[in-house]
Amino acid sequence: MADTRSDLHAYDRYISKLFAPEDGALESARKETVRAGMPEINVSASEGKLLQILAQIINAKRILEIGTLGGYSTIWLARALGPDGKLVTLEIDPDHAAVASRNLERAGLTKTVQIKVGPGLDLLAQMLSHSEPQFDMIFIDADKESYPKYLRTALPLLRDGGLVVADNTLPDAVLDSRADHGAKRYNADVGTHPDLTSILVPVLRTRGIDGLLISLKRTEGKGRRRN
Ligand code: SAH
Ligand code: DHB
Ligand code: MG
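All values reported here derive from a predicted model rather than from experimental measurement.

A.B. asks: A description of the overall build of the protein chain should follow, citing residues and the corresponding values.
C.D. replies: The number of helices and strands found in the protein chain is nine helices and seven strands. For the protein chain, whose C-alpha radius of gyration is 17 Å, the value lies close to the compact-globule estimate of 17 Å for 227 residues. Dimensions of the protein chain, computed from the C-alpha atoms along their principal axes, are close to 50 × 50 × 30 Å. Across the 227 residues that make up the protein chain, the buried fraction comes to 48%. Contacts in the protein chain between residues far apart in sequence, at least 24 positions, make up 71% of those at least 6 positions apart. For the protein chain, the distance from the average position of its 30 positive side-chain charges to the average position of its 30 negative side-chain charges is 4 Å.

In structure tokens form, the structure reads like this:
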């Protein structure tokens with residue numbers, strides 16, 4: 001029998017309780033975001049923990065996030081970094097950035113995280129032209145239509161062996177009838193990219209299933225590799 005929506009919710013609660021319990025800073029980041037009237041579209045706790053572990057596995061020192069909202073995913077990711085680590089997060093809405101800034105302060109992450117306010121693509125172009133040092137991991141989670149452009153623009157900012165991870169790549173890509181849907185195009189671009197080896201992992205959210213597309217950048221020694 002197919003799992004119902006409430007089964008999925010129960011699985012997510014089970015996983016989060018055991019492996020991704022929220023402390024005060026994460027809980028208030030989520031609640032303050034809602035209180036400010038912003039949409040409740042942050043990653044789930046279990047997905048936040050997955051992002052954090054991915055960053056730890058590659059020993060990330062520098063992380064780039066596109067789409068801050070209230071800084072909930074930012075906190076999970078920034079906690080993967082040591083005291084000398086750095087996370088840059090890009091947000092178009094100054095009100096969102098202001099809420100995130102307070103949430104990050106409460107989490108004690110003001111020194112680790114820099115919020116840049118503006119359209120993501122413009123900020124990426126600026127960073128490229130100012131020779132920003134490369135990142136170990138890039139998390140794409142802003143407007144879905146721009147996902148393919150974020151990939152093309154941000155990939156030069158990712159080190160070889162680094163990860164590019166994109167949220168919300170599953171239900172719409174399959175169920176939305178538009179062939180040009182941003183996530184659908186992103187998935188196809190990533191799937192055929194010569195420098196990326198990837199897998200789309202289904203993840204649990206409060207409102208059901210979503211997808212996290214994880215891509216490893218490999219530009220060296222590709223001749224021997226088939227995937
Ligand atoms: N990563 C967050 C959720 C981000 S929601 C979390 O999981 O906690 C998506 C965010 O992207 C919103 O805050 C929205 O304002 C922002 N956004 C939308 N278009 C953007 C653009 N062109 N450039 C930068 N940010 C954008
Ligand atoms: C939605 C969810 C997200 O994680 C996001 O980044 C944007 C929108 C949503 O459920 O609508
Ligand atoms: Mg998202």
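A.B. asks: Describe the site of ligand 2, with residues and values.
C.D. replies: Taken together, the neighbourhood of ligand 2 is formed by Ile41, Asp141, Lys144, Asp167, Asn168, Arg205 and Arg207. Between ligand 2 and Ile41 there is a distance of 2.9 Å, counted from an oxygen atom to a backbone nitrogen or oxygen. Take Asp167: an N or O atom from its side chain is 3.1 Å from an oxygen atom of ligand 2. Taken together, the residues of the shell around ligand 2 break down into one nonpolar, one polar and five charged.

A.B. asks: Now, about the pattern of salt bridges: what can you tell me, with residues and values included?
C.D. replies: Applying the stated criterion across every chain, the model contains eleven salt bridges. Between Glu27 and Lys31 there is a salt bridge, with its nearest N and O atoms 2.5 Å apart. With Glu27 and Lys31 both in helix H2 (residues 24-35) and four residues apart, the pair spans about one turn of that helix. Judged by relative accessible area, which is 31%, Glu27 ranks as partly exposed. Using a relative accessible area of 45% as the deciding quantity, one classes Lys31 as partly exposed. A salt bridge links Asp136 to Arg159; the shortest N-O distance between them is 2.6 Å.

A.B. asks: For the site of ligand 1, give the residues involved together with the corresponding values.
C.D. replies: Ligand 1 sits among 20 residues. The nearest are Ser73, Glu91, His96, Gly120 and Asp141. Here an oxygen atom of ligand 1 sits 3.3 Å away from a polar atom, N or O, in the main chain of Leu69. Within the complex, 88% of the 580 Å² of free accessible area of ligand 1 lies under protein. Considering only residue class, the shell around ligand 1 consists of eight nonpolar, seven polar and five charged.

What counts, and at which threshold
- Residues numbered from 1 in each chain as written.
- Chains lettered and ligands numbered in written order.
- Predicted model: local features only at pLDDT ≥ 70, side-chain atom pairs only at ≥ 80, totals over all residues.
- Heavy atoms only, no water.
- Helix = DSSP H or I, 4+ residues; strand = E, 2+ residues; numbered from the N terminus.
- Rg over C-alpha atoms; globule rule 2.2 N^0.38 Å.
- Buried < 20%, exposed > 50% of the residue type's maximum accessible area, 1.4 Å probe, protein only.
- Contact = heavy atoms within 4.5 Å.
- Lys, Arg positive; Asp, Glu negative; His and termini not counted.
- Charge placed at Lys NZ, Arg CZ, Asp CG, Glu CD.
- Near = heavy atom within 4 Å.
- Polar contact = N/O pair within 3.5 Å; in protein donor to acceptor, adjacent residues only side chain to side chain.
- Nonpolar A, V, L, I, M, F, W, Y, C, P; charged D, E, K, R; others polar.
- Salt bridge = Lys/Arg side-chain N within 4 Å of Asp/Glu carboxyl O.
- Areas by Shrake-Rupley, 256 points an atom, 1.4 Å probe, with all protein chains shown as cover.

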